[in-house]
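Chain by chain, the residues:
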Amino acid sequence: YPGSEGAINAQNLLAQIQQPSLVLESEKVNLPGIPFRTLVKYKNTGSIHLRLIKTSREELKSLDNPYDEKYWKEVTGLRSERNWSSVLPDQGDLQQHAVEVKIDALPVGTYILLSSVNGDFSLTKNIMTSQVIYVSNLSSIQNDKQEIFVLHRDNGFPISKATVNVWKQQYNNT
């Protein structure tokens, strides 16, 4: 029964099943000079294209909301440090799969990891993700007394005479 509610629902379900998807998950902070991995969850795509963009706190604050198209125009226009592609195992079963992709060692800094289904990172008919990644030797913990301890991220030893700046961001609904 073409044109019936059931036929339209079936067409919508088929489009949903065939729709590609792409999600990246990485540790927020990674050690400098050591390669690390990012988890790629994907469906109905055979490859992923990646860009690594070195950025700063100030530049991140200036970027728009990632749910806005202006953000994607700005981030795809930034100069990339590295570009590469990875072939993803295609099972052909229309299900979501996951693999880990190697990210080569990076120096200390703040980075945006940009991924795309299309190699040209076009803003139309494409799926893109972005993720902020920090590379640092430092970590911190805070106790009940509001004391902050700065530690070496790899071995856990305290960093003596560390200077800490604390920023508090509070939402004002008015």
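Student: Before we move on, could you go through the sheet that holds strand S4 (residues 47-55) and cite the residues and values that matter?
Tutor: Spatial strand order, S2-S8-S7-S4-S5: five strands in an open sheet with mixed pairing. At either end of the open sheet lies a strand with only one pairing partner, and these are strand S2 (29-30) and strand S5 (82-87). Bridge count for strand S7 (residues 109-116) against strand S8 (residues 128-135) is eight bridges, and the pairing is antiparallel. Residue Ser115 lies in a different strand from S8, and its bridge partner there is Thr129. On top of the sheet, helix H3 (residues 69-76) reaches S4, S7 and S8; it is set at about 60° to S8, its chief contact.

Student: Tell me about the environment of Lys43, and name the residues and values.
Tutor: With respect to the secondary-structure elements, Lys43 resides in strand S3 (residues 36-43). For Lys43, a relative accessible area of 16% puts it in the buried group. Measuring from C-alpha to C-alpha, the distance between Lys43 and Gln19 comes to 7.7 Å, with 24 residues separating the pair along the chain. Look past the residues within four positions of Lys43 in its chain and what remains in contact with it is Gln16, Ile17, Gln19, Pro20, Ser21, Leu94, Gln95 and Gln96. A polar side-chain atom of Lys43 sits 3.4 Å from the main-chain carbonyl oxygen of Gln16.

Student: Outline the side chain of Thr76, supporting the account with residue identities and numerical values.
Tutor: Of note, Thr76 is situated in helix H3. Owing to a relative accessible area of 19%, Thr76 belongs among the buried residues under this scheme. Within the structure, Thr76 has its side chain in polar contact with the backbone oxygen of Lys73 (distance 3.3 Å). Beyond its immediate stretch of four places on either side in the chain, Thr76 contacts Arg51, Leu114, Phe121, Leu123 and Met128.

Student: Please give an account of the environment of Asp64 that cites residues and values.
Tutor: With respect to the element layout, Asp64 can be found in the loop between helix H2 (57-62) and H3. Taking the C-alpha atoms as reference, Asp64 lies 20 Å from Lys28; in sequence the two are 36 residues apart. With sequence-adjacent residues up to four places away left out, Asp64 is seen in contact with Lys70, Tyr71 and Glu74.

Student: Could you give an account of the pattern of salt bridges, naming the residues involved and the relevant values?
Tutor: Throughout the structure, instances matching the rule amount to four salt bridges. Here Glu100 and Arg37 are joined by a salt bridge, their closest N and O atoms 3.3 Å apart. One end of the pair, Glu100, is in strand S6 (residues 97-103); the other, Arg37, is in strand S3, with 63 residues separating them in the sequence. No difference in accessibility class separates Glu100 from Arg37, as the two residues are exposed. Close ionic contact of Glu81 with Arg79 constitutes a salt bridge, the shortest N to O distance being 3.3 Å. When its relative accessible area of 40% is taken as the criterion, Glu81 is described as partly exposed. Assessed through its relative accessible area of 64%, Arg79 is described here as exposed.

Conventions used here
Residues numbered from 1 in each chain as written. Predicted model: local features only at pLDDT ≥ 70, side-chain atom pairs only at ≥ 80, totals over all residues. Heavy atoms only, no water. Pairing = 2+ DSSP bridges. Helix = DSSP H or I, 4+ residues; strand = E, 2+ residues; numbered from the N terminus. Contact = heavy atoms within 4.5 Å. Axes fitted to C-alpha atoms, helices over the stretch in contact; angles between N-to-C directions. Buried < 20%, exposed > 50% of the residue type's maximum accessible area, 1.4 Å probe, protein only. Polar contact = N/O pair within 3.5 Å; in protein donor to acceptor, adjacent residues only side chain to side chain. Salt bridge = Lys/Arg side-chain N within 4 Å of Asp/Glu carboxyl O.

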